[in-house]
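# A closer look at the structure
Spelled out, the chains give:
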Amino acid sequence: MSEIIVVTSGKGGVGKTTTSASLACGLARRGHKVAVIDFDVGLRNLDLIMGCERRVVYDFVNVVQGEASLKQALIKDKRHDNLFVLAASQTRDKDALTKEGVEKVLKDLDADGFHYIVCDSPAGIEKGAFLAMYFADKAIVVVNPEVSSVRDSDRIIGLLDSKTRKAEAGQPLPASLLLTRYSPVRVNNGEMLSIVDVEEVLGLKAVGVVPESSDVLNASNKGEPVILAPESMAGQAYDDAVARLLGEDRPMRFITVEKKGFFSKLFGG
């Protein structure tokens, strides 16, 4: 049976789509059959980060509205045969998605043998965000370690606890934090919240901490999820997060200031 993972946040621009793409790629690299769905109707960025924007013929709304089959709309990733992308529509209204239509797509993906379905949610509390989280089995809340992002994420956690199918059935929805753009130097200087601060405020544990890095933007511009850049600390952090999602025990890296060695101090490095 498919596990549905929603990647959500209260604020835009925190790295949800980057996270969705990297988690989906990481799960596929480990041999799982994965679909990643863009719920951000009207904008559509997931296909750009996945590098398949020129291959979009039919989109999520076409499938929900019965204008195309799921098989017609799914785009196979060029790097992994077991990874598929379902793009959002750029031309439709956000109300084009319906609960019944979304449920049918998710059930059809389950019937097709997908192990994981990653739902890339729009920011905030609009209809697309609600539908992205409603059917989820697990939630990843993406947050920057600064006050406004944390405050908005607290609102989203409240919705996860009350407005999902699991909540309606009286069951808790398992949720984890994923911190992005984390800078240990700025944390030490008191310019940024620490991982402990964010966990305490939101009451959730972090499944990953992605350091501030230009590699994320560079990878997005190339149409490659940053997890595919093994030399990148951000890519390694996403790989760690995928491993923890799958139950592996990995130490949290990139959360402390790197100590300078003797020669580095001596020569001012």
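Let me begin by describing the structure that accompanies this report. Remember, it's a predicted structure, so these values are computed and weren't measured experimentally.

## Let's talk about the packing of aromatic side chains
Scanning the entire structure with this criterion turns up four aromatic pairs. Taking the centre distance of 5.6 Å and the plane angle of 80° together, the rings of Phe84 and Phe114 count as edge-to-face. Of this pair, Phe84 sits in strand S4 (residues 83-86) while Phe114 is found in the loop between helix H5 (99-111) and strand S5 (116-120), placing the two residues 30 residues apart along the sequence. Of the residues examined, Phe84 reaches a relative accessible area of 14% and is grouped as buried. Judged by its relative accessible area of 4%, Phe114 is buried. Ring geometry for Tyr134 versus Phe135: centroids 4.8 Å apart, planes at 90°, classification edge-to-face. Judged by relative accessible area, Tyr134 falls into the buried class, the value being 7%. The ring of Tyr134 is capped by Lys99, whose NZ or CZ atom sits 4.2 Å from the centre of that ring.

## A word on the state of the cysteines
Evaluation of the coordinates by the stated rule reveals zero disulfides. Free of any disulfide, Cys25 has its nearest neighbouring cysteine sulfur in Cys52, separated by 10 Å. Classification of Cys25 as buried rests on a relative accessible area of 0%. With no disulfide of its own, Cys119 lies 16 Å from the sulfur of Cys25, the closest cysteine sulfur.

## A short note on the pairing of strand S1 (residues 3-8)
With five of its six residues buried, S1 lies for the most part within the structure. Two elements, S1 and S5, share five bridges in a ladder whose sense is parallel. When the bridges of S5 are listed, Ile5 appears paired with Val118. Strand direction decides the pairing type here: S1 and strand S6 (residues 138-143), joined by four bridges, are parallel. Residue pairing for S6: Val6 is matched across the bridge by Ala139.

## A few points about the sheet that holds S5
One key point about sheets: their strands pair by backbone hydrogen bonds, in either a parallel or an antiparallel sense. Overall, mixed pairing links the eight strands, which are arranged S3-S4-S2-S5-S1-S6-S7-S8 in an open sheet. This sheet does not close on itself; its edge strands, each paired only once, are strand S3 (75-76) and strand S8 (206-211). Two elements, strand S2 (residues 34-38) and S5, share five bridges in a ladder whose sense is parallel. Bridge pairing in S5 links Ile37 to Cys119. Running over the sheet, helix H1 (residues 16-29) touches S1, S2, S4, S5, S6 and strand S7 (175-182) and is turned about 170° from S5. Lying on the sheet, helix H12 (residues 233-245) is in contact with S6, S7 and S8; it crosses S8 at an angle near 175°.

The rules behind each value
Residues numbered from 1 in each chain as written. Predicted model: local features only at pLDDT ≥ 70, side-chain atom pairs only at ≥ 80, totals over all residues. Heavy atoms only, no water. Phe/Tyr/Trp six-rings, centres within 6.5 Å; stacked < 30°, edge-to-face > 60°. Helix = DSSP H or I, 4+ residues; strand = E, 2+ residues; numbered from the N terminus. Buried < 20%, exposed > 50% of the residue type's maximum accessible area, 1.4 Å probe, protein only. Lys NZ or Arg CZ within 6 Å of the ring centre and 35° of its normal. Disulfide = S-S within 2.5 Å. Pairing = 2+ DSSP bridges. Contact = heavy atoms within 4.5 Å. Axes fitted to C-alpha atoms, helices over the stretch in contact; angles between N-to-C directions.

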